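The primary structure of each chain is shown beneath.
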Amino acid sequence: MNGAPRIAPAGTRQLDARTPSGPIPEQWDRCRFDSKLVNPANRRKFTVIIVGTGLAGGAAAATLGEAGYNVLSFCIQDSPRRAHSIAAQGGINAAKNYRNDGDSVTRLFYDTVKGGDYRARESNVHRLAEVSAGIIDQCVAQGVPFAREYGGLLDNRSFGGAQVSRTFYARGQTGQQLLLGAYQAMMRQVGAGTVKMFPRHEMLDLVVVDGRARGIIARNLVTGAIERFQADAVLLATGGYGNAYFLSTNAVNSNATAIWRAYKRGALFANPCFTQIHPTCIPMSGEHQSKLTLMSESLRNDGRVWVPKRAGDTRPATQIPEDERDYYLERRYPAFGNLVPRDVASRAAKAVCDEGRGVGETGLSVYLDFADSIGRLGDHVIRERYGNLFQMYEKITDENPYKTPMRIYPAIHYTMGGLWVDYHLMSTIPGLFVLGEANFSDHGANRLGASALMQGLADGYFVAPATLPHYLAGAALPKVGTDHDAFREADSSVRAKIDRLLSVKGRTTPREIHRRLGQVLWDRVGMGRNEAGLKEALARIPGLREEFWATVSVPGSGAEMSQVLEYAGRVADYLELGELIALDALERRESCGGHFREEYQTPDNEALRDDESFTHAAAWEFAGDGALPVRNVEPLTFQYVKPSQRSYK
């Protein structure tokens, strides 16, 4: 893929989503009834590897362990409690209609399909809406301390892209509390002996035997040892690839290595250009930063977004009179106001900053102002709802948001693309299942707020435990030892890549190359994309990759703990994945959700889809190092939701 960008070859592969027949509301029940089962006495005979211990991975390990399977659970952290799911703040959606405001499974399904700009598979989204209520019941039974109303009932709040209150929350710590629930359920199974934990292990390759996923190669991050693990199926729940952009809201250790190595073993990668820009992040303060900090979307319930009406107005916010303020989201989108979806709010923030009306020293931020809510409700109410978020903001910025507005700006957050999976969550490699943010299945081109936790727990608690037995009961799975040729080849491949990294002995840190890659992706494949910029990115990334392999500095022998070696391997993968993100964005000649091609927009600057040419998922197939990947498509059909121009006005 070196040199000037070329046209990606079109694939002819037929992608079978294995969606059950019949009306969509009946498909999940039909799938479960038609699926083969594994006798309880036989489950202990099957070994399942789960990579990742966030909400999807932790929930799957707990559920499969409880069912009696032999589970091997891997995480790169020293404890599953450090999984990045802990950072989620605002809440989790569920169609329980506790507020009696018109919510239903059908409305959650509709809002999610519409929010994703009609680029998601209807059957998967409906299933997600169906199981959402069960997630809340499961978590309450685990003791998750959701916020409650005065009478003791579970409370709800609003989130962007919906006109009902369906988001359950635990102040600004929802992800942490949900993760602790899944963690303690998983650790119960560790105590029972059905789950075996492997902390501080990083998956570096997938082992495929006779076309089926049968194990992984992992590096012990404490000793440096390369280890082999065999299983009857592999579940990847390793999160998204937002850190390819360098600065994102993801934890620094979040990475794409597991799914990228699976892609290079034959798993198709779908819609990589569908990356989400979150509108409510603390702005960058300098090049010293390694990540950005999210401010929950829930803040937009009580905070009003505004900028000065006059360009270049540098007065402090408190000195700008009300009639000289532009509450631009309320002005442009009166029906949804400050609770428009994330992609819409992000582009609107960029537009006013591009006009010279941004605030702060850089001019790249807007105000999120709580003065009206504090005056109406009292600061004690705001403190109860968002106190820890306000505290975090003040600690980072040294500004008191009770006294002066927060300053926010969009940042890379979530990735809707990921490994292609069918209705059973199985990739194009039989036996390789992909859960949560690591797959592409439920959000289309834009994820609505509070739906990430919903998908992760739905996949882990309900979907994978129901579909995995069908595979195990029907597949020919002869005994395979870790001395098999496929294990030896994968082991050798991992060692060769590590040796190559160690042998360069250059003077450039992996972080420096990563920062420059991130700048290219943010500038050219960020909030606004166009053909010229994407072609420039595709011309520059190969040069960065060549520079990396010629000048990177990775000290040590590899036979010890080495965070530089870990990081270098991940950056090497980003340098390949970043090119695929740009290529996918170039080939998708339309605007939809988080993918905004500037050539394709309505007269009032909204995303303009091309439903005739691009109502499909693009599933990329690895064609070998140095070769352009093959672009396959899965057509998307809509039986229940008619695609239309999204409007939040």
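For the structure, see preceding data.
Given the structure is predicted, the values throughout are model-derived calculations rather than measurements.

### Observations regarding the overall build of the chain
Looking only at helices and strands, one finds 16 helices and 19 strands in the chain. Here the C-alpha atoms of the chain give a radius of gyration of 24 Å, agreeing with the 26 Å that 2.2 N^0.38 yields for 649 residues. Principal-axis analysis of the C-alpha atoms places the extent of the chain at approximately 75 × 60 × 50 Å. Considering only intrachain contacts with a sequence separation of at least 6, the fraction spanning at least 24 residues in the chain is 75%. Counting only carbon and sulfur atoms, one obtains 49% of the accessible surface of the chain, whose full area is about 24000 Å². Between the mean site of the 76 positive side-chain charges and the mean site of the 73 negative ones, the chain shows a separation of 3 Å.

### Some points on the pattern of salt bridges
As enumerated under the stated definition, the model contains 58 salt bridges in all. The salt bridge involving Arg 325 is made with Asp 369; its shortest N-O contact spans 3.3 Å. Here Asp 369 lies in strand β14 (residues 366–369) and Arg 325 lies in strand β13 (residues 325–326), a separation of 44 residues in the sequence. Neither residue differs from the other here; Arg 325 and Asp 369 are each classed as buried. With its nearest N and O atoms 3.2 Å apart, the salt bridge here joins Arg 407 to Glu 399. When salt bridges that share partners are traced, they join Asp 117, Arg 119, Asp 343, Arg 347, Arg 588, Glu 590, Arg 609, Asp 611 and Arg 646 into one network.

### Let's talk about the packing of helix α2 (residues 55–67) against helix α11 (residues 452–474)
Interaxial distance between α2 and α11 falls to 8 Å at its minimum, and their mutual angle equals 35°. Viewed along their axes, α2 and α11 form a crossing whose handedness is right-handed. Across the interface between the two elements, Leu 55, Ala 56, Ala 59, Ala 60, Thr 63 and Leu 64 of α2 pack against Leu 453, Gly 456, Leu 457, Gly 460, Tyr 461, Pro 465 and Leu 468 of α11.

### As for helix α10 (residues 379–397)
Look at α10: only 20 Å from first C-alpha to last across 19 residues, short of the 27 Å you get at 1.5 Å a residue. Of all the bends in α10, the greatest measures close to 85° and is centred on Tyr 386. Residues of α10 that are buried: Val 381, Ile 382, Tyr 386, Gly 387, Asn 388, Leu 389, Phe 390, Tyr 393 and Thr 397. In this fold, the buried residues of α10 make contact with α9 (371–377) and β15 (406–415). Looking one or two places after α10, you find Asp 398, whose phi comes out positive at around 60°.

### Some thoughts on the sheet that holds strand β1 (residues 47–51)
Hydrogen bonding along the main chain pairs the strands of a sheet, whether they run parallel or antiparallel. Strand order in this open sheet of five strands is β5-β2-β1-β9-β17, and the pairing throughout is parallel. Among the strands making up the open sheet, the edge pair consists of β5 (195–198) and β17 (432–434). Between one strand and the next, the sheet's axes are offset by a mean angle of 20°, whatever the strand orientation. As paired strands, strand β2 (residues 70–74) and β5 are joined by four bridges and run parallel to one another. Each bridged residue has a counterpart across the sheet, and for Val 71 the counterpart in β5 is Val 195. In this fold α2 packs onto β1, β2, β5 and β9 (233–236), with an angle of close to 160° to the strand it touches most, β1.

### Looking at the sheet that holds β14
Taken together, five strands build an open sheet; the order of strands is β11-β15-β14-β12-β13 and the sheet is antiparallel. Looking at strand neighbours, the two that pair on one side only are β11 (275–281) and β13, the edges of this open sheet. Pairing of β11 with β15 involves four bridges; the strand directions are antiparallel. For Ile 277, the partnering residue across the bridge sits in β15 and is Ile 412.

### Examining the side chain of Glu 606
Along the chain, the position of Glu 606 falls in the loop between α15 (563–587) and α16 (611–614). Glu 606 gets classed as buried once you look at its relative accessible area, which sits at 11%. Looking at Glu 606, its side chain comes within polar contact range of the side chain of Tyr 333, at 2.5 Å. In this view, Glu 606 contacts Arg 332, Tyr 333, Arg 347, Phe 596, Tyr 600, Gln 601, Gln 645 and Lys 649; residues no more than four positions away in its chain are not counted.

### What about the nonpolar core?
The biggest cluster of nonpolar side chains holds 195 residues, and the ones touching the most others in it are Ile 92, Ile 216, Leu 235, Leu 236 and Phe 548. Element by element, the count of residues in this core is highest for α15, at 14 residues. In this structure, Ile 92 is in contact with Ile 135, Ile 136, Phe 146, Arg 166, Thr 167, Phe 168, Thr 174, Leu 178, Ala 450, Leu 453, Met 454 and Leu 457, ignoring residues within four places of it in sequence. Counting residues in hydrophobic clusters, the runner-up holds six residues, among them Ala 317, Ile 320, Tyr 327 and Tyr 367.

What counts, and at which threshold
Residues numbered from 1 in each chain as written. Predicted model: local features only at pLDDT ≥ 70, side-chain atom pairs only at ≥ 80, totals over all residues. Heavy atoms only, no water. Helix = DSSP H or I, 4+ residues; strand = E, 2+ residues; numbered from the N terminus. Rg over C-alpha atoms; globule rule 2.2 N^0.38 Å. Contact = heavy atoms within 4.5 Å. Areas by Shrake-Rupley, 256 points an atom, 1.4 Å probe, with all protein chains shown as cover. Lys, Arg positive; Asp, Glu negative; His and termini not counted. Charge placed at Lys NZ, Arg CZ, Asp CG, Glu CD. Salt bridge = Lys/Arg side-chain N within 4 Å of Asp/Glu carboxyl O. Buried < 20%, exposed > 50% of the residue type's maximum accessible area, 1.4 Å probe, protein only. Axes fitted to C-alpha atoms, helices over the stretch in contact; angles between N-to-C directions. Left-handed = near helix turned anticlockwise from the far one by under 90°. Expected span 1.5 Å × (residues − 1). Bend = angle between axes of the 7 residues up to and from the residue. Pairing = 2+ DSSP bridges. Polar contact = N/O pair within 3.5 Å; in protein donor to acceptor, adjacent residues only side chain to side chain. Core = buried A, V, L, I, M, F, W, Y, C linked by side-chain atoms within 4.5 Å.

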